[in-house]
Structure formats: C-alpha cells, structure tokens
Amino acid sequence: QVQLVESGGGLVQAGGSLRLSCAASGRTFSSHAMGWFRQAPGKEREFVAAISWIGSSTYYLDSVKGRFTISRDNAKNTVYLQMNSLKPEDTAVYYCARGKYTSGSRYINDYDYWGQGTQVTVSS
C-alpha cells in the first residue's frame, strides 16, 4: 500500500510563495513519475505539474510556467512544488499523486495513488 501525505499549504498574500511537500511511503517511489493537481471549489481537478521518475523531465500547466517548480528527492521519497508569485486564482486544494509509469503525464487517469490534499489560499 502506498501512502502520500502533503504538507506546506496555507494562507499567503498575492505575490507570495509557498513550498508544498509530498512524502511517500513504500519502496517503489523512485520507479514512478509524480504529479501535482489542484481543485478549486466548484471546479474539476486539474493538472498542475509532473516530474519523471528520475527528475529528468518536468511538465507544467501553462498558467503556472515560470512561477511553479516541481522537484523530487528519491532518497527521501519526497516530491516538492515550489510556488512563487502566487495569484488568487491559484487558490485550491493541492493533491500529489503517484504516476502509473516512469514518465510524467498531464492526465488524471495516469495516476493511481493520491494524497488527501493541502489547502492553498491566496488573498488579493
């Protein structure tokens, strides 16, 4: 069984920064891509960022490119999302997810385990 636990969310003013972390249990973390998704009230869950199994490739939602950075530390079984220049429209519950494959993906069906989410609120 794989467990994913997110942390680092909170309330921040527009223009501020937050760093989300996702700690994974299990031995197979380094064999899988990892992703971050978010869900705002009344909206569908959407892709934010993904990283391949060794971190050589990254993928981003267009609206966060240049502001968010995904990274991973396979020795610590942890994936990170550094979020800078935050905007009110970034407000959502952020979820990390384990990919089914080694390469990253934008598609929600390519992920098999999910964390419980961490709230990010950006005030204007």
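In this text the structure is predicted, and so the values were computed from the model without any measurement.

### Section: the packing of aromatic side chains
Going through the model one piece at a time under the given rule, you end up with four aromatic pairs. Seen in terms of ring centroids, F37 and Y111 are 5.1 Å apart; in terms of plane orientation they differ by 80°. Their pairing is edge-to-face. Here F37 is found in strand β4 (residues 34–39), whereas its partner Y111 is found in strand β10 (residues 111–114), with 74 residues between them in sequence. Y111 carries the same exposure label as F37, and that label is buried. In this structure an aromatic cluster arises from ring pairing among F37, F47, Y111 and W114.

### Re the side chain of H32
For H32, the location among the structural elements is in the loop between β3 (18–24) and β4. Here the side chain of H32 touches G99 through a polar contact of 2.8 Å, landing on its backbone oxygen. Leave out the neighbours within four places in its chain, and H32 touches W53, R72, R98, G99, K100 and Y101.

### Comments concerning the side chain of S21
One can find S21 in strand β3. When neighbours within four sequence positions are excluded, S21 is seen to be in contact with V5, E6, S7, W36, T78, V79 and Y80.

### Concerning the pattern of salt bridges
Following the criterion strictly, the structure yields five salt bridges and no others. Its salt-bridge partner being D62, residue K65 comes within 3.2 Å of it at the nearest N-O pair. You can call K65 partly exposed: its relative accessible area is 47%. Note on D62: relative accessible area 58%, which makes it exposed.

### Describing the state of the cysteines
Applying the stated criterion to the full structure yields one disulfide. There is a disulfide in this structure between C22 and C96, and the S-S distance comes to 1.9 Å. Between C22 and C96 the disulfide shows an S-S torsion of about 45°. By sign, it is right-handed. With a gap of 74 residues between them, C22 in strand β3 and C96 in strand β9 (residues 92–99) connect regions that are remote in the sequence.

The rules behind these values
- Residues take numbers from 1 onward in each chain, read along the sequence in its written order.
- Whole-chain, interface and lining totals are the exception, using all residues; otherwise, since this is a predicted model, local features are given only for residues with pLDDT of at least 70 and side-chain atom pairs are given and counted only at 80 or more.
- Only heavy atoms go into the side-chain values, all of them from the structure, while hydrogens and water stay out.
- Two rings belonging to Phe, Tyr or Trp (six-membered ring only in the last case) form a pair when the distance between their centres is within 6.5 Å. Interplanar angles under 30 degrees mark stacking, angles over 60 mark edge-to-face geometry, and anything in between is tilted.
- Only runs of H or I of at least four residues qualify as helices and only runs of E of at least two qualify as strands under DSSP, and these elements are numbered from the N terminus.
- Residue exposure (1.4 Å probe, protein chains only): buried if accessible area is under 20% of the type maximum, exposed if over 50%, otherwise partly exposed.
- Pairing of N or O atoms within 3.5 Å defines a polar contact, subject to two protein rules: one partner must be a possible hydrogen donor and the other a possible acceptor, and residues neighboring in sequence count only if both atoms are side-chain atoms.
- Residue contacts are counted whenever heavy atoms from the two residues lie within 4.5 Å of one another.
- Salt bridge, as applied in this entry: a Lys or Arg side-chain nitrogen positioned within 4 Å of an Asp or Glu carboxyl oxygen.
- Only a pair of cysteine sulfur atoms within 2.5 Å counts as a disulfide in this structure description.

Functional significance is not addressed by these values, which are geometric in nature.
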